[in-house]
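# Chain and residue survey
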Amino acid sequence: MIEIENVSKHFVSRDRDRVAALTNVSISIRRNEFVCLVGPSGCGKSTLLRLVGGLLPVTQGRVVIDGQQVSEPRAETGIVFQSPTLLPWASVLDNVLFPLKMMKRVTRDSPNRAKSLLKLVGLDGFEGKYPRELSGGMQMRAGICRALVHDPDILLMDEPFSSLDALTREELTLELMRIWREQPKTVLFVTHSIPESVMLADRVVVLSPRPGRIAEIVPVQVPRPRQFGMEALDEFQRATSRIRQLIFGVERTTVH
Amino acid sequence: MQPAGSVSSSSALSAPPSTESYITEPRPLPAWFVEVVLPIAAIAALFLVWEAACQFFAVPSYIIPAPSAIWKETSANPGNVGWHTLVTTKTVLLGFIVSALVSLPLAVLLTSSPLVAASVYPLLVLTQAIPKVALAPILVVVLGTSELPRVVVTFLVAFFPLVLSIASGLVSVPPELIELGRSCKANRWTELWRIRLPYAVPFIFSGLKAAIALSVVGAVVAEFVNADAGLGYLIQTSTAFFKVQLAWGALIILSIMGIVLFQIIVAVERIFFPWSPGIDKPPV
């Protein structure tokens, strides 16, 4: 469904140097596949996500979604950012409806759809509240509803849980898997956390740092539905240690 | 046998934890007390000290009149003082409204592109470099002795900080909110209208508060140079005739005007934009 074909991205820095963020990245993502992007800081994970989202232009190569080359943001793609980025002046319901309003696709049924999404993430009863009245985890839930409200077939998530505490993070990881099972979508998920990536993904794309290249694509065969506790499975261990090796190198993964 | 003191202390230790905590938290005072009663009491105290000092040290009233003397002289002719107050209020409000109407589009223009900013910004700085008191008599020659030069001076004094705060509000939108707008296929106008302007609301109000205070300053400066009415004119004429109490009275009315207009803006922000965090609350 998403074809990333030999994509490179350069930025021009302030002193006019060209900085390569990504070089020759090729990935082919199937419909309704869950793919995680993992790598050290500055390896271009978020950049790759923005290239797929059409928020940044590619320097070389191309991104093709359903046969269409991506040149601008696509209506059928939902994005969840690192921070919840809710509009402080709008209620939770209006925040969730925001993409529909911007794209002039509000129908009579839209508020009901938004409410059922809020119910799906356990926020029913909070429609009229303002973002500042919500905890960080609840804000992130509302942000996920907003990304789903126009029923996109692709969901791009840029380290969505990184600002949350560990317990909320696990809770939302489970919830995301449930939503994905109930409303299958193609998900591209950027994270720093190796266990999180293995818990969520069908395949984990490991990027090497500066310039970002694909080190390896690690398939995760842990059976679904997944839950916490599966970290003990051999397959889980194999996948996490492989990713760790790819990021840190073999000799640095053991403590002497 | 144990001394009595240790017995009582051991019984205190074994006692169940009472509702009284060891750490006494300061009880928060009610909002009406902190926001209304305290400020008024502080100002009343100032006037009391002023009155007492004038009486005690027998300060001659042509140097610093006592509040009672100011009140006596100012309230002697309420129609006249009221008329001057009205004239000044009109100039202040007209200047303020023009500032607001000019500043908003100007700030949007300034933030629209670096090229526009680079060419417009020096002109703005130029208007601020000109001393307004020096400009006022020249404006009278250009624009005539009507109210217009006074409104223009008021505007020139008041608008600059407003432009700066609106512009900084428009550019301080988090990049992720802009990306959200772009991912929802917003064009520049919807981005401005649905994201940047609402985000800038607290900044706009911060600028409006500065602008209303400066509008009072600007109107009085303009009245000093050219006017036949207004509180600035009243101060000038009454000091010229050594009616110092009346000049002080006009000064106090100007201060009250400034406070009331400022509070009106605070109230508008609270009523119409309750979600606005109010970025310039006093640092407590």
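How each quantity is defined
Residues numbered from 1 in each chain as written. Chains lettered and ligands numbered in written order. Predicted model: local features only at pLDDT ≥ 70, side-chain atom pairs only at ≥ 80, totals over all residues. Heavy atoms only, no water. Helix = DSSP H or I, 4+ residues; strand = E, 2+ residues; numbered from the N terminus. Rg over C-alpha atoms; globule rule 2.2 N^0.38 Å. Buried < 20%, exposed > 50% of the residue type's maximum accessible area, 1.4 Å probe, protein only. Areas by Shrake-Rupley, 256 points an atom, 1.4 Å probe, with all protein chains shown as cover. Lys, Arg positive; Asp, Glu negative; His and termini not counted. Charge placed at Lys NZ, Arg CZ, Asp CG, Glu CD. Contact = heavy atoms within 4.5 Å. Pairing = 2+ DSSP bridges. Patch = residues over 30% accessible without salt bridge, like charges linked within 9 Å, V, L, I, M, F, W, Y side chains within 5 Å. Salt bridge = Lys/Arg side-chain N within 4 Å of Asp/Glu carboxyl O. 1 Å grid on protein atoms, 1.4 Å probe; cavity = no way out; pocket = protein on both sides within 12 Å on 5 of 7 lines; lining within 4 Å. Points joined across faces, edges and corners; volume = space filled by probe spheres on them. Buried area = accessible area lost by both parts, 1.4 Å probe. Polar contact = N/O pair within 3.5 Å; in protein donor to acceptor, adjacent residues only side chain to side chain. Nonpolar A, V, L, I, M, F, W, Y, C, P; charged D, E, K, R; others polar.

Next up on the list: the overall build of chain A. Scanning chain A for helices and strands turns up 7 helices and 10 strands. Over its C-alpha trace chain A gives a radius of gyration of 19 Å, about what one expects of a compact globule, namely 18 Å for 256 residues. If you line up chain A on its principal axes, its C-alpha atoms span 55 × 45 × 35 Å. In chain A, buried positions account for 52% of the 256 residues. By element, 49% of the accessible surface of chain A is carried by carbon and sulfur atoms, the whole surface being about 11,600 Å². Separation between the mean location of the 34 positive side-chain charges and that of the 29 negative ones in chain A comes to 4 Å.

Our focus in this paragraph is the environment of A:Leu233. All names here are of chain A. Structurally, Leu 233 is set in the loop between strand E10 (213–219) and helix H7 (234–248). Taking the relative accessible area as the measure of exposure, Leu 233 reaches 35% and is therefore partly exposed. For the pair formed by Leu 233 and Leu 55, sequence separation is 178 residues and the distance between their alpha carbons is 38 Å. If sequence neighbours within four positions are ignored, Leu 233 has contacts with Val 222 and Pro 223.

Residue and element names in this part refer to chain A. By secondary structure assignment, the location of Ile 247 is in helix H7. Sequence separation of Ile 247 and Glu 76 is 171 residues, and the distance between their C-alpha atoms is 33 Å. Setting aside residues up to four positions removed in sequence, Ile 247 forms contacts with Val 38, Gly 39, Pro 40, Ile 194 and Val 206.

Another aspect to go through is the sheet that holds strand E4 (residues 60–65) of chain A. All names here are of chain A. Read from one edge of the open sheet, 4 strands run E2-E1-E4-E5, paired in antiparallel fashion. Of all the strands in the sheet, the pair left with one neighbour each is strand E2 (18–29) and strand E5 (68–69). In this sheet, E4 lies alongside strand E1 (residues 2–12) in antiparallel orientation, the contact comprising 5 bridges. From the neighbouring strand, Glu 3 faces E4, where its bridge partner is Val 64.

In this section: a nonpolar patch on the surface. Residues and elements named next belong to chain B. A surface patch of nonpolar side chains, about 570 Å² in accessible area, is lined by Ile 256, Val 260, Ile 264, Val 268, Ile 271 and Phe 272. By the element assignment, Ile 256 lies in helix H11 (residues 244–272). Residue class for Ile 256 comes out partly exposed when judged on its relative accessible area of 48%.

So, on to empty space enclosed by the protein. Under the counting rule described, the total for this entry stands at 4 cavities of 30 Å³ or more. The space that makes up the largest cavity amounts to roughly 70 Å³. A:Thr77, A:Gly78, A:Ile79, A:Phe81, A:Pro99, A:Arg146, A:Ala147, A:His150, B:Leu180, B:Ser183 and B:Cys184 are the residues that line the largest cavity. Only strand E6 (77–80) and helix H4 (136–148) of chain A together with helix H8 (175–183) of chain B provide two or more residues apiece to the lining of the largest cavity.

With 23 residues of chain A at the contact, the number on the chain B side is 17 residues. Here chain A meets chain B over a buried area of about 2,000 Å², counting both sides, of which 65% is carbon and sulfur. For the chain A face of the interface with chain B, the top three residues by lost area are A:Leu55, A:Trp89 and A:Met102, together amounting to 35%. In this structure, B:Lys185 engages A:Glu72 in a salt bridge whose closest nitrogen and oxygen atoms are separated by 3.7 Å. For the interface between chain A and chain B, the tally reads 5 residue pairs in polar contact (both at pLDDT 80 or more). The leading source of residues in the side of chain A that touches chain B is helix H2 (residues 92–102) of chain A, at 4 residues. Class assignment of the residues belonging to the side of chain A that touches chain B gives a composition of 13 nonpolar, 4 polar and 6 charged.

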